[in-house]
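Structure assessment
Chain by chain, the residues run as shown.
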Amino acid sequence: MNTKNIILLIIVAILIIAPLVIFNGHGENDGYFGGSDDQGGEAIEKSNPNYKVWAAPAWEPPSGEIESLLFALQAAIGAIIIGYVFGYWHGGNNAKKDKK
């Protein structure tokens, strides 16, 4: 292994370990990592306690696990599309280089 690979390995290890050390003890349920939807709703309730919600979701997932699954599926489909586009561009560039 050359020094470049060792340095990159150390950087990756730091990037993995640092969040675990920095956010130790702060769980998802204690509000530390609250979502923007929750924070927006709380801000509206504080600024205008008489606000009435005028829109509602068309469908609510039956559980948090289903909601997480749908979010992960959406992210995976987006990653596949982006990967396909970049692969298509890369293949097109390679084809142009091979022509020359």
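As a reminder, the structure under discussion sits directly above these lines.
So, here is what we can say about the structure in this document. (Residues numbered from 1 in each chain as written. Predicted model: local features only at pLDDT ≥ 70, side-chain atom pairs only at ≥ 80, totals over all residues. Heavy atoms only, no water.)

With that settled, the discussion passes to the overall build of the chain. Within the chain, the regular secondary structure consists of 3 helices and 0 strands. When the helices and strands of the chain are placed in sequence order, the string is α-α-α. In the chain, which comprises 100 residues, the proportion classed as buried is 0%. When the accessible surface of the chain is split by element, carbon and sulfur atoms take 65% of a total near 9500 Å². (Helix = DSSP H or I, 4+ residues; strand = E, 2+ residues; numbered from the N terminus. Buried < 20%, exposed > 50% of the residue type's maximum accessible area, 1.4 Å probe, protein only. Areas by Shrake-Rupley, 256 points an atom, 1.4 Å probe, with all protein chains shown as cover.)

Once that is clear, we can look at the packing of aromatic side chains. With the rule as written, the count across this model stands at 2 aromatic pairs. For the pair Tyr 84 and Tyr 88, a centre-to-centre distance of 6.2 Å together with 25° between the ring planes defines the contact as stacked. Of this pair, Tyr 84 and Tyr 88 are both found in helix α3 (residues 64-99), 4 residues apart, which corresponds to roughly one turn of the helix. Tyr 88 carries the same exposure label as Tyr 84, and that label is exposed. Between Phe 86 and Trp 89, the aromatic rings sit 5.6 Å apart at their centres with planes inclined by 90°, giving edge-to-face as the arrangement. Of the two residues, Phe 86 and Trp 89 are both situated in helix α3; the distance of 3 residues between them amounts to about one turn of the helix. Taken as a pair, Phe 86 and Trp 89 share a single burial class, namely exposed. (Phe/Tyr/Trp six-rings, centres within 6.5 Å; stacked < 30°, edge-to-face > 60°.)

Right, let's get into the layout of surface pockets. Here the second largest pocket defines a volume of roughly 320 Å³. Grouping the constituent residues of the lining of the second largest pocket by class yields 6 nonpolar, 3 polar and 2 charged. (1 Å grid on protein atoms, 1.4 Å probe; cavity = no way out; pocket = protein on both sides within 12 Å on 5 of 7 lines; lining within 4 Å. Points joined across faces, edges and corners; volume = space filled by probe spheres on them. Nonpolar A, V, L, I, M, F, W, Y, C, P; charged D, E, K, R; others polar.)

What follows concerns a negative patch on the surface. A cluster of acidic residues, Asp 37, Asp 38, Glu 42, Glu 45, Glu 60 and Glu 67, forms a negative patch at the surface. Position of Glu 67 among the secondary structure elements: in helix α3. (Patch = residues over 30% accessible without salt bridge, like charges linked within 9 Å, V, L, I, M, F, W, Y side chains within 5 Å. Salt bridge = Lys/Arg side-chain N within 4 Å of Asp/Glu carboxyl O. Lys, Arg positive; Asp, Glu negative; His and termini not counted. Charge placed at Lys NZ, Arg CZ, Asp CG, Glu CD.)

Treat this as a map of the structure, not an account of what it does.
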